Structures are given as C-alpha cells and as structure tokens.
Amino acid sequence: MDTNRITVAYGDGIGPEIMTATLEILEAAGAGLQYDVIEIGEKVYLSGNTSGISDENWHVLEKNKIFLKAPITTPQGGGYQSLNVAIRKTLGLYANVRPCVSYSPFVKTNFPEMDLVIVRENEEDLYAGIEHQQTDEVIQCLKLVSVSGTEKIIRYAFEYAVANNRKHVTCMSKDNIMKMTDGMFHKTFDRIAKEYPQVNTDHYIIDIGAAKLASDPERFDVIVTLNLYGDIISDIAADVAGSVGLGGSSNIGENFAMFEAIHGSAPDIAGKDIANPSGLLNGACMMLVQIGKAAIAEKIQNALLRTLEDGYHTGDIYREGFSKHKVGTKAFTAALIERLGQKPIGLKPVELNHHAKPIHVSLKAKEKVEKKLVGVDVFLDWDEAGKDPNVLGKLFENIPSDQLALDMISNRGVVVFPHGHPSTFCTNHWRCRFTSKNESEVPFSEILELQSHIDKANIKVIKTENLYLFNNKPAYSIAQGEK
Ligand code: NAD
C-alpha cells in the first residue's frame, strides 16, 4: 500500500479532540496526507441507519484503502450492529496488532521493561455473532475458527516478529477445554513455529497467560491469540503499561488497513480538552509505517517520548510532584509539535526500519482430506417426564433405524444417559448422539429419516450436527464423562 490519500473519521466523544490533535501533528511532521472525512458512529446510528455508516461512505473506505478512525459510541439498546466488527470483517482486516510499551520512569507503571505486542485474530471466533435461542432455557453462540484464518494470523505473528526484530512468540489458547477449535490453533502454531527456528516460542493456557500478563508482563514479547482472548488481554496489557490512553492499534488485511486508538470514545471526559491523544497518534504512526512513511512515524514517536520525558502529562498519566505540567489535549499537542525533530534523552529513541514493507502472508495449498458421514447429534427441546434422561434414552433405543443407533445423551455437554449421575442438573436442551451401527458411512437420507421418526414421536428437534470422520479420524468432541 502506498498512498497519500486516506479516509478519516472524527468519531464520537473525545474522538474529534484527539483526531484534531493527531492530524495537526501529522501535518507539522510533514506527513503530506490528503483526507476524505466521513461521518460514522452515533449520529449515523441515531438517524436510523443501524449499521452506523452510509453506503457512500463505504465506497470512500473502499477507494482509499487506508482508514484512520477515532473511537465511536454505539448507542445503548438493541438493534445497532457493531461498526468496528463490520469494517474488520467486511474488509478482511484479519490481524489486529496492539503494541504495549511502558514509558517508565516518565509514566507510572510497575513494569519498566514492558515492551510487548499482541497480535489478535480479528475476524473469527465468537465474533461471528451467530447466536440462537433454542429453548426457553438455553441460548447458544457459535465459535467458528477456520484452518485458513488460523494459519493466516499465526504466520502474520511470526512475520511481524521477524520484521520487527522480536525474538519470542507466545501462543495463548484454551485448548485444554476446546480441544478442537483452540486445539487446532495451538497445533497450527507449533507447526508454523518450525519454519521460524530463529524465533523462540511457548504456549500458555489463556487464563494463566492473562494472569502472568497482569503480574509479570515483562516476560512477553509477541503474543498471538484468538479474537475474544486477544480483545481482553490487550486492554489488560494497555492498562498495565500505564494508561489505555497511550495504546494504538492497527487492523491489517491484504488490501485494506484501519488504524485507531485501543480505547473507546470516553464520553465521561468528552469536550473538556483533557483527553490524551497519544493512543490515536500511536495508531497513526503505525499507519505511516504501513504506507511507507516510517521516517515520519519515527520523528513523531521520538517527539512523543521527549514530550512525556519533559513532564507534559494529560490527566490520565499526571502524577503530583512528578509530572511537571498538567496539560490538556491542545497544550500537549503544542508541546509535542515543538519537539518534532528532537529525540528523547532518558528513554530509548525509536528507530524504525525506513524501508519496511507491509507484511503479506501466503497460505500453503490445502491438502485433500477424506470426509465420511458416520452419525448425527440431534438436539432436542424436551421438558417431559420430570426431565428424566432415562425416559428419553429408552424411547430412542427403540427408534427404528437400519443404520443408526443411540450412543449417548448429554445435557449442557455432560453425559446423562446411559451412565448419568443423579446430581447433574438438566435443562430442557438435550443432545442425542446416533452413530453408524457398523462403523460404515451413513447416507444423509438415513439422518433425515431418523429426524422424521423423532418428530412423529412428538419430540421437538431444534437442530442437528452431522458427525464426520476426516481421514478416518473422528472430527467431533466426545461428551464430558463419556466412557
Ligand atoms: P473507554 O475506553 O472509552 O473509557 C474507559 C476509561 O478510560 C474512561 O474513564 C475514560 O475516560 C478513560 N480514557 C479512555 N481514553 C482516554 C484518553 N485518550 N485519555 C484519557 N482517558 C481516557 O471505554 P468505555 O467507557 O467502556 O466505552 C465508551 C464508549 O466507547 C462505548 O460506547 C463503547 O462502545 C465505545 N468503544 C469504542 C471503541 C472503538 O470505537 N474502537 C472501542 C471501545 C469502546
């Protein structure tokens, strides 16, 4: 990507103040950009457009390819789609990159050596937003993780580490529980790591990983993780580094990229000239690197460090008796502009590769796999007989099917038939697993016929999941407690 024309949105809350500050600094540093300004967010939502952006403005985003965005407010109440998620997914912005670095001793943090980057998968996982209520008791949200999406983000993390001279990549997942989705993520990480012998690697289960990030963030370098975990740990990391007001973020795709602050629109401090513009400014510096203007980004980041060192601090990082000047957004911006061309004295100056090229990842061709249908999980809404699973089990043991037989019934994932425990709490949402009687492939018509028998028995089928073997290995999880 090499362009001087970008799309800009001033956003909501503190958005206009920090965007004005950021653009003033970019101009003063000689970035030489032209802007198409678009309106997105709260006003657009409240005008009745539930997507938060008009069609014409979508075209502007598509035309310019590079988007510098201030935070927006999504109005309370249902019906409004998340514009951030829609932009990321529609434009294929698969990598969310969030550097978190401490500016110690000039900005208070317990971790002076903290300098890490979170690479968060940006399109998949629970953010598919596919949710259904299936019974009056149970609602589901689908977690979708693709092999190609996983490979793309993990390759990006390694390529990012190499391009930025980072030595260690940590994977975080919850593969002790989600053995298939998160398990595939972890396995893909281990496989791709072998292609980068110069990079050290390790893996943390996300819960202990998040705890270590809060208590000992200096141990981390690059972290790659799935969408939801990445969302949570990047806020932890930004706060631990000093302030959410400091962190910038990039959303990178093959053809488009969006740059922003990691924080929200901070309505509590909007319009008061007290917001810290550094987060959006750091996002804008990532943009300059992406469009081939790393020298300008370096100049701005060094002036930012010098401003912080000289004790010009906005309220979020101000410390009595330590900071020299408590300044608002405008005064901070002026102090930074005065320092363009200067380098920090106490902090390590930023040195960027002026010839860095945007990272592109290419995926390996998919191997052909053999897929065999061998059964079905039938999900039911069933409230009869005091919810006794044995009644349901006995009924299904006699259901006529040439090729399928009942294996087990589970409730909220735990086996309740044929070997349940009397203490297991049961909702009215049941999964009944039927598998091939002779372990051979089952025709789909047999599965339809089975459902028709269940329906005739007056039991409500909510949905089904087919059970497959991939390359002769079962590609479905066994139930908790299944023998
Ligand atoms: P927030 O990040 O806006 O604010 C959290 C706290 O941090 C507040 O006390 C705020 O004053 C402070 N803060 C944030 N940025 C600051 C800055 N630059 N300088 C000084 N202090 C700063 O989070 P929230 O209050 O949970 O969300 C407010 C709104 O922002 C919501 O409508 C939410 O949906 C939206 N939001 C938007 C984005 C985005 O557009 N990318 C991201 C997150 C939240």
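Nothing here was measured: the structure is a model prediction, and the numbers come from that model.

**Q** Can you help me understand the site of the ligand in this one?
**A** As a structural note, the neighbourhood of the ligand is formed by 20 residues, with Ile72, Gly264, Ala266, Asp268 and Asn276 the closest of them. Within the side chain of histidine 263, one N or O atom sits 3.1 Å away from a nitrogen atom of the ligand. For the shell around the ligand, the class distribution of residues is eight nonpolar, eight polar and four charged.

**Q** I'm lost on the pattern of salt bridges in this one. Help?
**A** Opposite charge on two side chains permits them to pair, given that their charged atoms come into close proximity. Within this structure, the stated rule accounts for 24 salt bridges. Residues aspartate 182 and lysine 143 are paired through a salt bridge, measuring 2.8 Å at the closest nitrogen-oxygen approach. With aspartate 182 in helix H6 (residues 181-193) and lysine 143 in the loop between strand S7 (139-141) and helix H5 (147-163), the pair connects residues that are 39 residues apart, well separated along the chain. Neither aspartate 182 nor lysine 143 differs from the other in exposure class; each is buried. For lysine 463, the salt bridge identified is with glutamate 465, shortest N-O distance 3.1 Å. What emerges from the salt-bridge pattern is a single network uniting Glu151, Arg155, Arg191, Glu195 and Lys364.

**Q** Is there a simple way to think about the side chain of lysine 69 in this case?
**A** Within the element layout of this structure, lysine 69 appears in strand S3 (residues 66-69). In this structure lysine 69 comes out as buried when scored by relative accessible area, which is 1%. In this structure the side chain of lysine 69 is engaged in a polar contact, spanning 2.8 Å, whose partner is the side chain of asparagine 84. Polar contacts involving the side chain of lysine 69 include one to the side chain of glutamate 260, which spans 2.9 Å. Lysine 69 has contacts with Ala9, Met19, Ile40, Asn84, Met258, Phe259, Glu260, Ala261 and Leu280, leaving out every residue within four places of it along the chain.

**Q** What is the right way to read the packing of helix H1 (residues 15-29) against helix H11 (residues 329-338) from this model?
**A** The packing of two helices is summarised by the inter-axis angle and the distance between the axes. The N-to-C vectors of H1 and H11 enclose an angle of 15°; their axes lie 10 Å apart at closest approach. On the basis of the axis angle, H1 is roughly parallel to H11. The way H1 lies across H11 gives a crossing that is right-handed. Packed against H1, whose contacting residues are Glu17, Ala21, Glu24, Ile25 and Ala28, the element H11 presents Thr329, Thr333, Leu336 and Ile337 at the interface. For the contact of H1 with H11, the per-class residue count stands at five nonpolar, two polar and two charged.

**Q** What is the right way to look at H11 in this model?
**A** An α-helix turns once every 3.6 residues. As a result, residues three or four positions apart point the same way. Every buried residue of H11 is listed here: Thr329, Phe332, Thr333, Ala335 and Leu336. An end-on view of H11 places all buried positions within 165° of arc, on one side of the element. Seen from the open side of H11, the exposed residues pointing more than 90 degrees away from its buried face are Lys330 and Glu338.

**Q** When you look at the packing of H1 against helix H10 (residues 294-309) in this model, what are you seeing that I'm missing?
**A** H10 packs onto H1 with a crossing angle of 115° between their chain directions and a minimal axis gap of 10 Å. Relative to H10, the crossing made by H1 is right-handed. Residues Ile25, Leu26 and Ala29 of H1 pack against Ile296, Lys299 and Ile300 of H10. When the residues that make up the contact of H1 with H10 are grouped by side-chain class, the tally is five nonpolar, no polar and one charged.

**Q** Just checking my understanding: could you explain the sheet that holds strand S9 (residues 200-205) for this structure?
**A** Strands belonging to one sheet form pairs held by backbone hydrogen bonds; the direction of such a pair is parallel or antiparallel. Taken together, the ten strands give an open sheet; going across it, the order is S2-S1-S3-S12-S11-S4-S5-S10-S8-S9, and neighbouring strands pair in mixed fashion. At either end of the open sheet lies a strand with only one pairing partner, and these are strand S2 (34-37) and S9. Neighbour-to-neighbour, the strand axes of the sheet open up by a mean angle of 25°, direction not taken into account. When strand S4 (residues 95-101) meets strand S11 (residues 248-252), the two strands line up antiparallel, connected through three bridges. For alanine 95, the partnering residue across the bridge sits in S11 and is isoleucine 252. Across the sheet, helix H4 (residues 83-90) lies against S3, S4, strand S5 (115-121), S11 and strand S12 (257-261), angled at about 150° from S12, the strand it touches most. Helix-sheet contacts for helix H9 (residues 278-290) involve strand S1 (5-9), S3, S4, S11 and S12, and the interaxial angle to S12 is about 155°.

**Q** Can you walk me through the domain arrangement of the protein chain in this structure?
**A** Under the domain assignment, the protein chain is made up of domain 1 (5-338) and domain 2 (371-474). Between the C-alpha centres of domain 1 and domain 2 there is a distance of 44 Å. Between domain 1 and domain 2, the contact holds six residues from the first and seven residues from the second. Of the roughly 630 Å² buried at the junction of domain 1 and domain 2 (both faces included), carbon and sulfur atoms supply 47%. Its largest share of buried area at the contact with domain 2, domain 1 owes to Gln134, Thr135 and Glu137, together 68% of the area lost on that side. Residue glutamate 137 is joined to lysine 387 by a salt bridge in which the shortest nitrogen-to-oxygen separation is 3.1 Å. Put simply, domain 1 and domain 2 have six residue pairs in polar contact (both at pLDDT 80 or more) between them.

**Q** What am I meant to see in H9 here?
**A** The terminal C-alpha atoms of H9 lie 18 Å apart, and with 13 residues this matches the ideal 18 Å at 1.5 Å per residue to within 8%. Judged by how many residues are buried, H9 sits mostly within the fold: twelve of 13 residues are covered. Looking only at H9, the buried set comprises Ser278, Gly279, Leu280, Leu281, Asn282, Gly283, Ala284, Cys285, Met286, Met287, Leu288 and Gln290. Just downstream of H9 lies glycine 292, where phi reads positive at about 85°.

**Q** What should I look at first to understand the sheet that holds strand S18 (residues 429-436) in this one?
**A** Pairing is antiparallel in the open sheet, where six strands are placed in the order S17-S16-S18-S15-S19-S20. This sheet does not close on itself; its edge strands, each paired only once, are strand S17 (414-417) and strand S20 (473-474). Direction of pairing for strand S15 (residues 371-381) relative to S18: antiparallel, over a ladder of seven bridges. Bridge pairing in S18 links leucine 380 to tryptophan 430. Packing against the sheet, helix H12 (residues 389-397) makes contact with S15, strand S16 (404-411), S17 and S18, and its axis sits at approximately 165° to S16. Contacting S15, S16, S18 and strand S19 (460-470), helix H13 (residues 444-456) crosses the sheet at an angle of about 15° to S15.

The rules we used
- Residues numbered from 1 in each chain as written.
- Predicted model: local features only at pLDDT ≥ 70, side-chain atom pairs only at ≥ 80, totals over all residues.
- Heavy atoms only, no water.
- Near = heavy atom within 4 Å.
- Polar contact = N/O pair within 3.5 Å; in protein donor to acceptor, adjacent residues only side chain to side chain.
- Nonpolar A, V, L, I, M, F, W, Y, C, P; charged D, E, K, R; others polar.
- Salt bridge = Lys/Arg side-chain N within 4 Å of Asp/Glu carboxyl O.
- Helix = DSSP H or I, 4+ residues; strand = E, 2+ residues; numbered from the N terminus.
- Buried < 20%, exposed > 50% of the residue type's maximum accessible area, 1.4 Å probe, protein only.
- Contact = heavy atoms within 4.5 Å.
- Axes fitted to C-alpha atoms, helices over the stretch in contact; angles between N-to-C directions.
- Parallel < 35°, antiparallel > 145°, perpendicular 65-115°, else oblique.
- Left-handed = near helix turned anticlockwise from the far one by under 90°.
- Arc of directions from axis to C-beta.
- Pairing = 2+ DSSP bridges.
- Domains from an automatic or database assignment.
- Buried area = accessible area lost by both parts, 1.4 Å probe.
- Expected span 1.5 Å × (residues − 1).

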